[in-house]
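# Coordinate inspection notes
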Amino acid sequence: MATAPWNHDHQLVLIGLQGKKIPTENLPSSNLVFLVDVSGSMQGPERIGLVKASMKMLVDQLRQQDKVSIVVYAGAAGLVLPATNGLDKTKIKDAIDRLEAGGSTAGGEGIRLAYKTAKESLVKGGNNRVILCTDGDFNVGESSDDAMERLIEEERKSGVFLTVLGYGMGNYKDNKMQKLADKGNGNHAYIDGISEAKKVLVNEFGGTLFTIAKDVKLQVEFNPAKVQGYRLIGYENRMLAKEDFNDDKKDAGELGSGHTVTALYEVIPVGVESDFLNSIDSLKYQSNQLAPLSKSSQTNEILTVKFRYKAPDGDASKLMVHPVNDDQKTIGKTSENFRFAIAVAEFGMLLRNSSYKSGASYNNVLRLAEKAKEADAEGYRSEFIQLVKVAQKLSNEKQELAVEDTEEEKW
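From a predicted model like this one, the values you see are computed outputs, not experimental measurements. (Residues numbered from 1 in each chain as written. Predicted model: local features only at pLDDT ≥ 70, side-chain atom pairs only at ≥ 80, totals over all residues. Heavy atoms only, no water.)

## Side note on the sheet that holds strand β7 (residues 161-166)
Rules: The pairing criterion for strands is at least two bridges between them, as found by DSSP. To qualify as a helix, a DSSP run of H or I must reach at least 4 residues; to qualify as a strand, a run of E must reach at least 2; elements of each kind are numbered from the N terminus. Between the N-to-C directions of two axes lies an angle of 0 to 180 degrees, each axis being a line fitted to C-alpha atoms and, for a helix, fitted only over the stretch in contact. Any two residues whose heavy atoms approach within 4.5 Å at even a single point are treated as in contact.
Reading across the sheet, the six strands line up as β5-β4-β3-β6-β7-β8 and stay open at both edges, with mixed pairing between neighbours. Across the chains shown, the open sheet's two edge strands, defined by having one partner strand only, are β5 (77-85) and β8 (187-190). Between one strand axis and the next, the sheet turns by 15° as a mean value, whatever way the strands run. Two elements, strand β4 (residues 67-73) and β5, share six bridges in a ladder whose sense is antiparallel. Along β5, the bridge assignment pairs lysine 67 with asparagine 85. Across the sheet, helix α1 (residues 45-59) is in contact with β3 (30-37), β4 and β6 (127-134); its angle to β3 comes to roughly 170°.

## Re the sheet that holds strand β13 (residues 301-310)
Sheet strands associate in pairs through backbone hydrogen bonding, adopting either a parallel or an antiparallel arrangement. An order of β11-β9-β13-β14 is seen for the four strands of this open sheet, with the pairing classed as antiparallel. Looking at the sheet topology across the chains shown, the edges are occupied by β11 (253-256) and β14 (318-325). Across the sheet, the axes of successive neighbouring strands diverge by a mean angle of 35°, strand direction being ignored. Direction of pairing for strand β9 (residues 211-222) relative to β13: antiparallel, over a ladder of seven bridges. Across the sheet, the residue bridging to leucine 218 is phenylalanine 307, located in β13.

## What to know about the packing of aromatic side chains
Under the convention used in this document: Only the six-membered ring of Trp is used, alongside the rings of Phe and Tyr, when aromatic pairs are assigned; centres must lie within 6.5 Å, and planes under 30 degrees apart are stacked while those over 60 apart are edge-to-face, with the rest tilted. Charge-over-ring contacts are defined here by two conditions on Lys NZ or Arg CZ: a distance within 6 Å of the ring centre and an angle within 35 degrees of the ring normal.
Counted under the stated rule, the structure contains nine aromatic pairs. On the basis of an interplanar angle of 20° and a centroid distance of 5.3 Å, the ring pair of phenylalanine 307 and tyrosine 309 is categorised as stacked. Sitting over the ring of tyrosine 380, lysine 199 keeps its end group 5.4 Å from the ring centre. Directly above the ring of phenylalanine 340 sits arginine 381, whose terminal nitrogen or CZ lies 4.4 Å from the centroid.

## Some remarks on the side chain of serine 30
For the record, the criterion: The buried label goes to any residue with under 20% of its type's maximum accessible area, the exposed label to any with over 50%, and the partly exposed label to all in between, with areas taken from a 1.4 Å probe on protein chains only.
With respect to the helices and strands, the residue serine 30 is situated in strand β3. Note on serine 30: relative accessible area 2%, which makes it buried. Ignoring any residue separated from it by four or fewer positions in sequence, one finds serine 30 in contact with Arg63, Gln65, Asp66, Lys67, Asn127 and Phe210.

## A look at the layout of surface pockets
Vacant regions in the atomic arrangement are exposed by a probe of water-molecule size rolled over the atoms. Rules: Buried and open spaces are told apart on a 1 Å grid over the protein atoms alone, a cavity being a set of points where a 1.4 Å probe fits but cannot get out and a pocket being an open set with protein on both sides within 12 Å along at least five of seven lines. Residues with an atom within 4 Å of a point are the lining residues. Grid points are joined across faces, edges and corners, and a volume is the space filled by probe spheres set on the points. Each residue gets one of three labels, nonpolar for Ala, Val, Leu, Ile, Met, Phe, Trp, Tyr, Cys and Pro, charged for Asp, Glu, Lys and Arg, and polar for the others, Gly among them.
Considered as a void within the structure, the second largest pocket measures approximately 690 Å³ in volume. In terms of lining, the second largest pocket is formed by 31 residues, of which the most central are Gly159, Phe161, Lys214, Pro312 and Asp313. Residue assignment for the lining of the second largest pocket shows that the elements contributing at least two residues are β6 and β9. For the lining of the second largest pocket, the element with the most residues is β9, which contributes four residues. Looking at the lining of the second largest pocket residue by residue, the classes come out as nine nonpolar, nine polar and 13 charged.

## Thoughts on the packing of α1 against helix α2 (residues 89-97)
The cut-off we apply is this: Put simply, angles under 35 degrees are roughly parallel, angles over 145 are roughly antiparallel, angles from 65 to 115 are roughly perpendicular, and the rest are oblique.
The interhelical angle for the contact between α1 and α2, taken along N-to-C directions, is 170°, at an axis separation of 10 Å. Classified by the angle between their axes, α1 and α2 sit roughly antiparallel to one another. Within the contact between the two elements, α1 uses Lys52, Met55, Lys56 and Val59 and α2 uses Lys89, Ile92, Lys93, Ile96 and Asp97. A breakdown of the residues in the contact of α1 with α2 according to their chemical character gives four nonpolar, no polar and five charged.

## Some points on the environment of alanine 241
Turning to its location among the elements, alanine 241 is positioned in the loop between β10 (227-232) and β11. Alanine 241 gets classed as partly exposed once you look at its relative accessible area, which sits at 33%. Each C-alpha atom, one on alanine 241 and one on glutamine 219, is 10.0 Å from the other, the two residues being 22 residues apart in sequence.

## A few points about the pairing of β6
Counting buried positions over the eight residues of β6 gives eight, a clear majority of the element. Both faces of β6 are covered, namely the face carrying Asn127, Arg129, Ile131 and Cys133 and the face carrying Asn128, Val130, Leu132 and Thr134. Judged from the seven bridges that link them, β3 and β6 form a sheet pairing that is parallel. Pairing of phenylalanine 34 across the sheet is with isoleucine 131, part of β6.

Here's what the structure looks like:
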C-alpha cells in the first residue's frame, strides 16, 4: 500500500499473485496442435511470416515427450502435419515453411478439426492444447462471436486448452481473440514482432502453454471502518458478480506456470472528502440506521483477499484467505515492482483520459518508471518507457495543433 501519486488523498493497494514456477524439464508431456489462419488477410511478413517465425521458436523448446500437429484453415480446413515427435524438428519446420496465405476464412471448421486432432493424440495427465494463430478476421461459416464462443465452450469439455496468438493490424479483432481464449480455458497474447514472440513463446514458455490452475478468482472485501470508497483499476472485462465467486460452475481465468497477476485498487480512506463519492437517497422501506461495526472491522485490517482456483483437471475449487493490515508506505519505500505497476496504471489512465486521472501526467509516469527499471534483464521496462515518450510527444503535438486551430478561428 502507498499514497496514489496522482491524488495524495487516496491510497493504492497492489495485490500480486505468483504462479508456481515449474522447471521446463518437469513440465508434463505436451500434445500441441497449431491451428494456423492462412486466409488472404494473413498475407505479409508481419502476419504469416511472423507466425512461421514464432512457431519455429516454440518448436525449438520442445522435448522428446512432446508432439506437434499442424492444422490450417482458409476457405476450408486441412491437416498439414499429423502428430510428430518434438525432437523431429526438421520435419516440423519443413511443414511450417510450406505454409502460405490466401483465400477466405472458415474459422469454425478449422477449430473443429484442430480439437479433433488434439483429442486423437490426447495425453492423459498431460498438456493438451490448441494454439490458434490468426488476426481473428473470420468471414466464412461460424463467424459470429456467439457461434464461435459456443463452439469453443463445447470443445473445452474434452480437456483440451486453448492459446490464442494474435497477429497483424488494421483488421485485427482483439475482442474476438479475447473471448475465444476466455471460453477455451486459455490465454491470449498479441504478437507485434519477433521480440514479443520470443517473450511469449520462449521466455514465458511455461506460463503461456502450461496451465497450473483454472477458473482463478479473486475477491476483495474492504473494511468499512477504514475505507469509504474503492475502485479496481482496469480489468473491466474481467469483473464477476459477487455471487459468482463461490459458484464453481462460473467460468473464470487460467493461470500458467510462473505467470503473475497484478490487481491495483485505488482507495478513498474514511474521513476524506471526495467528489468521486456519490450520495444516494435514504431508503423508504428499510432502516437507514447503520448497523454497529463488528469486532473484526475494528482491527488494523484494511481488507481481506479471497482467492479461489481449481486444479487443471478438477471440478471443485479450493479457497485461500489472506487478511491485509493497514500498513501504508510512501512511494519511495515501496518495491520497484509496485512503482512500475503504478506507472503503467497511470499511463493507462492518461491514454483513456480517465475521469479519475486527477493530477496524472506523462512526466510523473516517466519518473516512476525510470526509477523502477533496474530489474529489466529482457528490456521490457525500457521498451515501456520509450512507448510513454512516444505518447507524450503525440499528446504535446495534439495540444499544439489545438492551439493553432483556436488562433485561426480567432482570425
